[in-house]
Amino acid sequence: MNRKALRRIPLHKLIDLKVDYAFKLLFGSERNKNITIVFLNAILQRTGRDKVKEVMFVNQEIGGEFQDDKQSRLDIIVKTQSGEHINVEMQLSNQDDMMKRTLYYWSRLFTKQLQKGKGYRTLLPTITINICNFTIFDDIQHYHTTYHLYEDSTMQRLKPSDDVLEVHFIEMNKFLKAWHEEKLHPLEDILARWLLLLGMVDVRKDKVYLDIYRELEELAMKDDNLLEAFNVWEDLSQTPETRIAYEQRLKAILDEEARLSDMRDKSLEEGIEQGVKKVAKEMLAANMDLETIKKLTGLTVEEIEALRAEI
């Protein structure tokens, strides 16, 4: 394969696959099913007889009781040939509620399997995969973590033969850090190849990592699935309708992020204000003079007098 075959459009025109809309177009499409299967096997580390061989895309709302929730979710939900349900969620920005969101959506997908008149034994394993563009676990260095139910003292998994809960977190910033520090070997690590694909474009920084592109170029010469994914990615990136929808989705994500940031800032300011007033009240109770309180707290005379009236 000619090395130039991988690149048909300018790299800066590629959409960021960490935007959930773009991610779903690539990995949540029936025509790209083979790409989805390879990607899932890489994350789940399935080989041999355990491999995911076939998936059926499931169109259903999980959660969605709130209007904002429906607008914020563009997950991929599949059912495997063995009946497992897998939910894949791409998160570009941190909404500070990842753990509870994860367990909530896992539980909804798990319970939706139970049909009227059927027993609990019919419930099949449900897997949630969260790919996050931010740090989840400050105390864990590895970028890919997997969780099950364990007994606290023996660390024995709860009923291993009927283990229905599995939760994965992939932290892209940790992955990229490990790759730049040359701690990864994508030639032997299939998941690393696919995460490089996701990490190559950073829409926030308006940046394309050329070193990652060069690595992908080498890898695509040996990995037909990766080459296929790159070609589909390029096609999506230069389709006008896709581009418009992608830009709209990106704006919605960034707007929501700004709204949450404003709420945090407001909450912080209110907390500081309450703290200052509490200190001022303690000073008043200690009979400190007004000028000293004013100097130390930054409050006006009127504000201090109002607090005196409250005491």
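Residues numbered from 1 in each chain as written. Predicted model: local features only at pLDDT ≥ 70, side-chain atom pairs only at ≥ 80, totals over all residues. Heavy atoms only, no water.

Caption draft 1: Just the pattern of salt bridges, in detail. Under the definition given, this model contains 16 salt bridges. Among the salt bridges present, the one from Glu89 reaches Arg101, with a minimum N-O distance of 2.5 Å. Here Glu89, found in strand β3 (residues 85-91), pairs with Arg101, found in helix α4 (residues 98-111); they are 12 residues apart in sequence, far enough to count as distant. Of the residues examined, Glu89 reaches a relative accessible area of 2% and is grouped as buried. The partner of Asp255 in a salt bridge is Lys251, and the shortest N-O contact between them spans 2.7 Å. Of this pair, Asp255 and Lys251 both sit in helix α9 (residues 240-285), four residues apart, roughly one helical turn. A relative accessible area of 52% places Lys251 in the exposed class. Bridged by salt links that share partners, the residues Glu30, Lys33 and Glu54 form one connected network. (Salt bridge = Lys/Arg side-chain N within 4 Å of Asp/Glu carboxyl O. Helix = DSSP H or I, 4+ residues; strand = E, 2+ residues; numbered from the N terminus. Buried < 20%, exposed > 50% of the residue type's maximum accessible area, 1.4 Å probe, protein only.)

Caption draft 2: Structural view of the pairing of strand β4 (residues 126-132). Counting buried residues in β4 gives seven out of seven residues, a clear majority hidden from the surface. Side-chain alternation along β4 places Thr126, Thr128, Asn130 and Cys132 on one buried face and Ile127, Ile129 and Ile131 on a second face that is also buried. Pairing analysis gives seven bridges linking β3 to β4, with the strands arranged parallel. Pairing of Gln91 across the sheet is with Cys132, part of β4. Direction of pairing for β4 relative to strand β6 (residues 165-171): parallel, over a ladder of seven bridges. The residue of β6 that forms the bridge with Thr126 is Leu165. (Pairing = 2+ DSSP bridges.)

Caption draft 3: Main features of the packing of aromatic side chains. Inspection of every chain in the model, using the stated rule, returns 13 aromatic pairs. On the basis of an interplanar angle of 55° and a centroid distance of 6.1 Å, the ring pair of Tyr213 and Phe230 is categorised as tilted. With Tyr213 in helix α7 (residues 210-220) and Phe230 in helix α8 (residues 224-237), this pair connects stretches of sequence that are 17 residues apart. A relative accessible area of 5% means that Tyr213 is categorised as buried. The exposure class of Phe230 is buried, given its relative accessible area of 1%. Cluster of aromatic residues (ring-pair linked, three or more members): Phe23, Phe27, Phe39 and Trp194. (Phe/Tyr/Trp six-rings, centres within 6.5 Å; stacked < 30°, edge-to-face > 60°.)

Caption draft 4: Expanded view of the confidence of the model for the chain. Per-residue pLDDT for the chain has a mean of 87; in total, 92% of the residues score no lower than 70. Helix α6 (residues 190-199) holds the highest mean pLDDT among the elements of the chain, 97, whereas helix α3 (residues 67-72) holds the lowest, 48. Within the model, the stretch residues 63-71 combines pLDDT values under 50 with 13 contacts to residues more than four positions away or in other chains. (pLDDT = per-residue confidence, 0-100. Contact = heavy atoms within 4.5 Å.)

Caption draft 5: Just the packing of helix α5 (residues 172-180) against α7, in detail. Two numbers describe how α5 lies on α7: the axes approach to 12 Å, and their chain directions differ by 75°. By the criterion of interaxial angle, the relationship of α5 to α7 is roughly perpendicular. Where α5 approaches α7, its residues Leu176, Trp179 and His180 are matched on the opposing element by Asp211, Ile212 and Glu215. In terms of residue class, the contact of α5 with α7 is made up of three nonpolar, one polar and two charged. (Axes fitted to C-alpha atoms, helices over the stretch in contact; angles between N-to-C directions. Parallel < 35°, antiparallel > 145°, perpendicular 65-115°, else oblique. Nonpolar A, V, L, I, M, F, W, Y, C, P; charged D, E, K, R; others polar.)

Caption draft 6: Broad picture of the packing of helix α2 (residues 33-44) against α8. Look at α2 against α8: their axes get within 10 Å of each other, and the N-to-C directions meet at 125°. When the interaxial angle is binned, α2 and α8 end up oblique. Crossing of α2 against α8: the hand is left-handed. Only Asn225, Glu228, Ala229 and Val232 of α8 make contact with α2, whose side of the interface consists of Asn34, Ile35 and Val38. Tallied by class, the residues present in the contact of α2 with α8 amount to four nonpolar, two polar and one charged. (Left-handed = near helix turned anticlockwise from the far one by under 90°.)

Caption draft 7: Representation of the sheet that holds β4 within the structure. Sheet architecture is open: six strands sit in the order β1-β2-β3-β4-β6-β5, paired in mixed fashion. The outermost strands of the open sheet, each flanked by one partner alone, are β1 (55-57) and β5 (144-147). On average, each strand axis in the sheet is inclined to that of its neighbour by 20°, with strand direction left out of account. Packing against the sheet, α4 makes contact with β2 (76-80), β3, β4 and β6, and its axis sits at approximately 150° to β4. Helix-sheet contacts for α5 involve β4 and β6, and the interaxial angle to β6 is about 55°.

Caption draft 8: Broad picture of unusual backbone geometry. Positioned with a positive phi, Gln45 is a non-glycine residue whose angle comes to about 55°. Positive phi outside glycine occurs at Asp206, with the angle close to 50°. On the secondary structure map, Asp206 appears in the loop between β7 (201-202) and β8 (207-208). We classify Asp206 as exposed; its relative accessible area is 73%.

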